[in-house]
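# Reading the structure
Chain by chain, the residues run as shown.
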Amino acid sequence: MTPEDLADRLAITDKIYRYCRSVDRLDVPVGHSVFHEDSHADFSPGYVGSGRGWIDYICEKHREFLHHSHQVTNVIIELDGDRAGSESYVYATLQRQDGERVIEHAFWARYVDTWSKRAGDWAIDRRDCLVDYGTMTEVTPLPGNPRSRRDREDPSYSVLKG
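No experiment lies behind these values; they were computed from the predicted model shown. (Residues numbered from 1 in each chain as written. Predicted model: local features only at pLDDT ≥ 70, side-chain atom pairs only at ≥ 80, totals over all residues. Heavy atoms only, no water.)

### So, the sheet that holds strand β6 (residues 121–139)
Hydrogen bonds between backbone groups are what pair the strands of a sheet, and the pairing can be parallel or antiparallel. With mixed pairing, six strands are arranged side by side in an open sheet as β2-β1-β6-β5-β4-β3. Edge positions in the sheet fall to β2 (47–49) and β3 (67–80), since each has one partner strand and no second. Across this sheet, the average inter-strand angle for adjacent strands is 20 degrees, counted without regard to direction. Summarising the sheet, strand β1 (residues 35–43) and β2 pair through three bridges and their orientation is antiparallel. For Asp-42, the partnering residue across the bridge sits in β2 and is Val-48. On top of the sheet, helix α1 (residues 3–24) reaches β1, β3, β4 (83–98), β5 (101–118) and β6; it is set at about 160 degrees to β3, its chief contact. (Pairing = 2+ DSSP bridges. Helix = DSSP H or I, 4+ residues; strand = E, 2+ residues; numbered from the N terminus. Axes fitted to C-alpha atoms, helices over the stretch in contact; angles between N-to-C directions. Contact = heavy atoms within 4.5 Å.)

Here's what the structure looks like:
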């Protein structure tokens, strides 16, 4: 593996992680940077359309929830020059108020992505989100840290500018 291959893999992995950050912090510009302008996203059955349109849609939908968190693991990347394919496992949890109850949605899914490097920048051309299974459970929420925010007031923005 060449140093350029390693750099490309790191750049793609960073974008995968930034996607999660964008939807958890409701940061639309960061989410848009993950997808090329002409990208396609298939999150059937809820959304099929442009990648950047997905970011707009999901950041708005996440406002209906109290909390949400996305983690990505098992990232496999295959490079082919300025094109690549990847599969990433994702675990996402979201909590919403339902009357007096708090309901937690948990999803185990995979992001199957095609990438291209344009003008030196890797971004997604197509994302297929495949939800393998999920659950909805009533939970007793624990108190969170009041400094944790879903916007640019979150403490992480003091150390992560982009």
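Further notes follow.
### Topic: the pattern of salt bridges
Enumeration over the complete set of coordinates arrives at 18 salt bridges. Ionic pairing is found between Asp-154 and Arg-25, a salt bridge with its closest N-O pair at 3.9 Å. A residue pair is termed long-range when its members are at least 10 positions apart, and Asp-154 in the segment after β6 and Arg-25 in the loop between α1 and α2 (28–34) qualify at 129 residues. One exposure class covers both Asp-154 and Arg-25, and it is buried. Asp-38 is the salt-bridge partner of Arg-118, the closest N and O atoms lying 3.0 Å from each other. Taken together, the positions of Arg-118 in strand β5 and Asp-38 in strand β1 put the pair 80 residues apart, joining distant regions of the chain. When its relative accessible area of 36% is taken as the criterion, Arg-118 is described as partly exposed. Counted as one network, the salt bridges with shared partners bring together Asp-38, Arg-83, Arg-118 and Asp-125. (Salt bridge = Lys/Arg side-chain N within 4 Å of Asp/Glu carboxyl O. Buried < 20%, exposed > 50% of the residue type's maximum accessible area, 1.4 Å probe, protein only.)

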